[in-house]
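# Summary of structural features
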Amino acid sequence: MSADGSSTRERAAATLPVGDSARTLSRALVELAELEYRLGDWPAAYLSGVASLRAAKLAGLDEEAMTALVQVALVEAGLGRADACRRHAAEAIELSRRHRSKAVEAKAHEAVGFLELGLGRIDAAIERLNRAGVICAEHPSACSSATTWAQDLADACVQQGDRFGADRAVARLEARARRSGSCVLATAVARCRAMLATDDGCEERFQRALKWAARTRQPFEQARTELCFGERLSRAGRRQKARELLVGALETFEALGSEPWAARAREALAEIDGTVHRRDGWHSRLHRARVSFDRPHTGAAQTA
């Protein structure tokens, strides 16, 4: 985003009149931020979100402010701005409870869960994402706003080696995908199913996920799917194809400015090339998870 675009947002927010005009501009800016985020212009999405938040706060509009706060926190989660993300999410939760907005509260937990997942803090991610899931289960109206917690929870459960938890999260995700017809949710379902599949069955599922991801026109969804596919192929010893996928994912993450996800891709590539000492990070944890998934599963119930 150009400097002119940034200054235009700042001038609009700083000179905003109060009342309906302030409300209209704040809402328009947060909708723009959401669109920019989905289309892969994360720096612009951050600027739009901050401008929306500034406009809402100048006019004393709590409801618009909390909506902007969760959007800003989501972008900060993707960018890896951990302290700012947690601070804005906490502020959004405080406002949401004051105004009894379960949708905003769920989205705030969802944003922090996404942050923790990107940082590799799996237990913290699962705790936050489960909070979002509980809110959505108890308040179905929140589901239309909090749309990503189930796929992130499934991913986190795979990292942890919790097959039952992953299956349960994917089952909930599948139900939502069927109801909504969303390409993004269909991509997430296919990707999660591929992550849970055996070595013999995962490639076809990942290819299906990539086809869905292409239809979303959302760069992050495409790169995330390439990353997971590349990691799986690497563990199976198919290094050339894995490298191609991981390089593509890394280029996208770097273009987005997503340092946590870029770091994960770099680590996967480094392990393929044998240039770094294996440590207890993403890929050693994924190997342990894969071993646990390959054992016979005797959980109380299969939801998949």
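Report follows, based on the coordinates.

Quick notes on the rules
Residues numbered from 1 in each chain as written. Predicted model: local features only at pLDDT ≥ 70, side-chain atom pairs only at ≥ 80, totals over all residues. Heavy atoms only, no water. Helix = DSSP H or I, 4+ residues; strand = E, 2+ residues; numbered from the N terminus. Buried < 20%, exposed > 50% of the residue type's maximum accessible area, 1.4 Å probe, protein only. Contact = heavy atoms within 4.5 Å. Areas by Shrake-Rupley, 256 points an atom, 1.4 Å probe, with all protein chains shown as cover. Phe/Tyr/Trp six-rings, centres within 6.5 Å; stacked < 30°, edge-to-face > 60°. Lys NZ or Arg CZ within 6 Å of the ring centre and 35° of its normal. Core = buried A, V, L, I, M, F, W, Y, C linked by side-chain atoms within 4.5 Å. Axes fitted to C-alpha atoms, helices over the stretch in contact; angles between N-to-C directions. Parallel < 35°, antiparallel > 145°, perpendicular 65-115°, else oblique. Left-handed = near helix turned anticlockwise from the far one by under 90°. Nonpolar A, V, L, I, M, F, W, Y, C, P; charged D, E, K, R; others polar.

## Some words on the overall build of the protein chain
A count of helices and strands for the protein chain gives 15 helices and zero strands. Taking all 304 residues of the protein chain together, the buried fraction comes to 51%. Expressed as a percentage of contacts within the protein chain between residues at least 6 apart in sequence, the contacts between residues at least 24 apart total 61%. When the accessible surface of the protein chain is summed, it comes to about 13,800 Å², and 50% of that surface belongs to carbon and sulfur atoms.

## Details of the packing of aromatic side chains
What the rule picks out here adds up to eight aromatic pairs. Ring geometry for Phe 206 against Phe 229: centres 4.8 Å apart, planes inclined by 10°, an arrangement best described as stacked. A residue pair is termed long-range when its members are at least 10 positions apart, and Phe 206 in helix H11 (residues 199-216) and Phe 229 in helix H12 (residues 219-235) qualify at 23 residues. Across the pair, Phe 229 and Phe 206 agree in class, each one buried. A network of ring pairs unites the aromatic residues Tyr 37, Trp 42, Phe 114, Phe 220, Phe 253 and Trp 261 as a single cluster. A cation sits over an aromatic face here: Arg 81 above Tyr 46, 4.5 Å from the ring centre.

## Focus on the nonpolar core
Formed by 83 residues in total, the largest nonpolar core has its most connected members in Trp 149 and Phe 253. Phe 253 has contacts with Phe 220, Ala 223, Arg 224, Leu 227, Ser 258, Trp 261, Ala 262 and Ala 265, leaving out every residue within four places of it along the chain.

## Quick word on the packing of helix H4 (residues 62-79) against helix H6 (residues 102-119)
At their nearest, the axes of H4 and H6 sit 8 Å apart, and the two run at 10° to each other. On the basis of their axis angle, the class for H4 and H6 is roughly parallel. As H4 runs across H6, the sense of the crossing is left-handed. On H6, the residues touching Met 66, Val 70, Gln 71, Ala 73, Leu 74, Ala 77 and Gly 78 of H4 are Val 104, Lys 107, Ala 108, Ala 111, Phe 114 and Leu 115. When its residues are assigned to classes, the contact of H4 with H6 shows ten nonpolar, two polar and one charged.

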